[in-house]
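Coordinate inspection notes
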Amino acid sequence: SVIIPVYNTEAYLEEAVRSIMNQTLKDLEIIIIDDGSTDNSLSIMNKLALKDPRIICITQLNHGQSAARNVGLQKSKGEFVYFMDSDDVLTDKALESCYSSCIQKDLDFIFFDAIKIADKSEDCNYYNRQNQFADRIFGGVEILNIMLSKHLYRVPPWLHFIRRHFLIKENITFDTSLRIYEDQIFCARLYITAERVGYIPKFFFKRRMRVNSLMTQIYSIDKVKSYFKVADALLDLRKGLEYNRRNAINRIIFQMLSAAVYNAKS
């Protein structure tokens, strides 16, 4: 099940959805959730749905990306779940490669890397962790600590291909009280609960860096406050866990707030 939340991305939406439609893994359901867009995104979704019966269109009032993803997860029926963004691109063999690895190795989830694309620039490495890990199955906390020690821990959901039953069993969803940085909590829960995790050293995802997107807006005091809210949520998550998991969450908070303070200073 590929879940795509949409909010006012008419210029990029068709390219993003077609990158899923054109995957070599054909046995998909493509769940697109319009989160109260005010541009032509909804009409583009409906047009694409007429061309591909695998597409399921859902509309809702603007409740934020977390709520849209949760709705998609509730509607999903696939063995695995992938959260796609509506202004980015996924290379055509990505889902098949992830699915094959997860089946062969019985993984809870697998992660991979991304490159950055901009409207007027060349591709460049964005999330590059190649040649950093052995080719084997990791425990979630184990690989989390390895990445934290190398400053290679990355939280975007679109870097992760996840077994749906694992999400249901661990009750992992997105925090709807947060409009930004909600993936920090989601990803932390993924790693501290997973028992079997894999990595594919491939640049499967193309992250579009565009002006006025949520993540390229000017750093503000509201963003700093959001980081503090995430830190509070992570501290709540830490309660009752055994030492290794508590310590991993401590390290996540330390690195996250260090980056937040550095950005605020800059």
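Attention in this report is confined to the structure presented alongside it. No experiment lies behind these values; they were computed from the predicted model shown.

Quick look at the overall build of the chain now. The helix and strand tally for the chain stands at nine helices and nine strands. Rg of the C-alpha trace for the chain: 18 Å, near the compact-globule value of 18 Å for 266 residues, within the 12% margin. Taken along the three principal axes of its C-alpha coordinates, the chain extends 50 × 45 × 35 Å.

This paragraph deals with the pattern of salt bridges. Taken as a whole, this structure holds 16 salt bridges when the rule is applied. As a salt-bridge pair, Arg129 and Asp113 come within 3.0 Å of each other at their nearest N and O atoms. Taken as a pair, Arg129 in the loop between strand S7 (121-127) and helix H5 (140-149) and Asp113 in strand S6 (residues 109-118) lie far apart in primary sequence, 16 residues in all.

Another aspect to go through is the packing of helix H1 (residues 13-21) against helix H2 (residues 41-51). The geometry of H1 relative to H2 is characterised by a closest axis approach of 10 Å and an angle of 25° between their N-to-C directions. By the angle between their directions, the pair H1 and H2 is classed as roughly parallel. In terms of crossing hand, the pair formed by H1 and H2 is right-handed. Note on element contacts: H2 touches H1 through Ser41, Ile44, Met45, Lys47, Leu48 and Lys51, opposite Leu13, Glu14, Val17, Arg18 and Met21. Grouping the constituent residues of the contact of H1 with H2 by class yields six nonpolar, one polar and four charged.

Attention now moves to the environment of Tyr7. Along the polypeptide, Tyr7 turns up in the loop between strand S1 (2-6) and H1. The class of Tyr7 is partly exposed, set by a relative accessible area of 43%. As for Tyr7 and Thr173, which are separated by 166 residues in sequence, their C-alpha atoms are 20 Å apart. With residues up to four places along the chain from it excluded, the contact list for Tyr7 reads Asp35, Gly36, Ser37, Asn62 and Ser86.

Once that is clear, we can look at the packing of helix H8 (residues 221-238) against helix H9 (residues 243-265). Two numbers describe how H8 lies on H9: the axes approach to 10 Å, and their chain directions differ by 175°. Relative to H9, H8 is oriented roughly antiparallel. Within the contact between the two elements, H8 uses Val224, Tyr227, Phe228, Val230, Ala231, Leu234, Leu235, Leu237 and Arg238 and H9 uses Arg246, Ile249, Asn250, Ile252, Ile253, Met256, Leu257, Ala260 and Ala264. Residues that form the contact of H8 with H9 fall into these classes: 15 nonpolar, one polar and two charged.

This part covers the pairing of strand S8 (residues 160-163). Neither face of S8 is open: one carries His160 and Ile162, the other Phe161 and Arg163, and all of them are buried. Across three bridges, strand S4 (residues 80-83) lies against S8 in antiparallel orientation. Within S8, the position partnered with Val81 by the bridge is Ile162. Sheet analysis places S6 next to S8, joined by three bridges and oriented antiparallel. By the bridge assignment, Phe111 is partnered in S8 with His160.

The method is simple in principle: a probe with the dimensions of a water molecule rolls over the atoms, and the space it marks as empty is what remains. The calculated volume of the second largest pocket comes to roughly 220 Å³. In this structure, the second largest pocket is lined by 14 residues; those nearest its centre are Ser1, Leu25, Asp27, Leu28 and Phe80. Looking at which element gives the most residues to the lining of the second largest pocket, the answer is S4, with three residues. Along the lines of polarity and charge, the residues of the lining of the second largest pocket split into nine nonpolar, two polar and three charged.

Attention shifts here to the nonpolar core. Tyr153, Leu167 and Tyr191 are the most contacted members of the largest nonpolar core, which totals 50 residues. Discounting chain neighbours no more than four positions away, the residues touching Tyr191 are Phe109, Phe111, Gly140, Val141, Ile143, Leu144, Met147, Tyr153 and His160.

Moving on: the packing of aromatic side chains. A complete count under the given rule lists 17 aromatic pairs for this structure. On the numbers, 6.2 Å between centres and 75° between planes, the contact of Phe111 with Phe133 is edge-to-face. Of this pair, Phe111 sits in strand S6 while Phe133 sits in the loop between S7 and H5, placing them 22 residues apart in sequence. The pair formed by Phe111 and Phe133 is uniform in burial state, with each residue classed as buried. Ring centres of Tyr127 and Trp158 lie 6.0 Å apart, and the angle between their planes is 15°; on these two criteria the pair is classed as stacked.

Along the chain, Phe186 turns up in helix H7 (residues 182-193). The class for Phe186 is buried, based on a relative accessible area of 1%. Taking the C-alpha atoms as reference points, Phe186 and Val71, separated by 115 residues in sequence, lie 15 Å from one another. Ignoring sequence-local partners within four residues, the contact set of Phe186 consists of Phe83, Ile162, Leu167, Ile172, Thr173 and Phe174.

Reading guide: rules and limits
- Residues numbered from 1 in each chain as written.
- Predicted model: local features only at pLDDT ≥ 70, side-chain atom pairs only at ≥ 80, totals over all residues.
- Heavy atoms only, no water.
- Helix = DSSP H or I, 4+ residues; strand = E, 2+ residues; numbered from the N terminus.
- Rg over C-alpha atoms; globule rule 2.2 N^0.38 Å.
- Salt bridge = Lys/Arg side-chain N within 4 Å of Asp/Glu carboxyl O.
- Axes fitted to C-alpha atoms, helices over the stretch in contact; angles between N-to-C directions.
- Parallel < 35°, antiparallel > 145°, perpendicular 65-115°, else oblique.
- Left-handed = near helix turned anticlockwise from the far one by under 90°.
- Contact = heavy atoms within 4.5 Å.
- Nonpolar A, V, L, I, M, F, W, Y, C, P; charged D, E, K, R; others polar.
- Buried < 20%, exposed > 50% of the residue type's maximum accessible area, 1.4 Å probe, protein only.
- Pairing = 2+ DSSP bridges.
- 1 Å grid on protein atoms, 1.4 Å probe; cavity = no way out; pocket = protein on both sides within 12 Å on 5 of 7 lines; lining within 4 Å.
- Points joined across faces, edges and corners; volume = space filled by probe spheres on them.
- Core = buried A, V, L, I, M, F, W, Y, C linked by side-chain atoms within 4.5 Å.
- Phe/Tyr/Trp six-rings, centres within 6.5 Å; stacked < 30°, edge-to-face > 60°.

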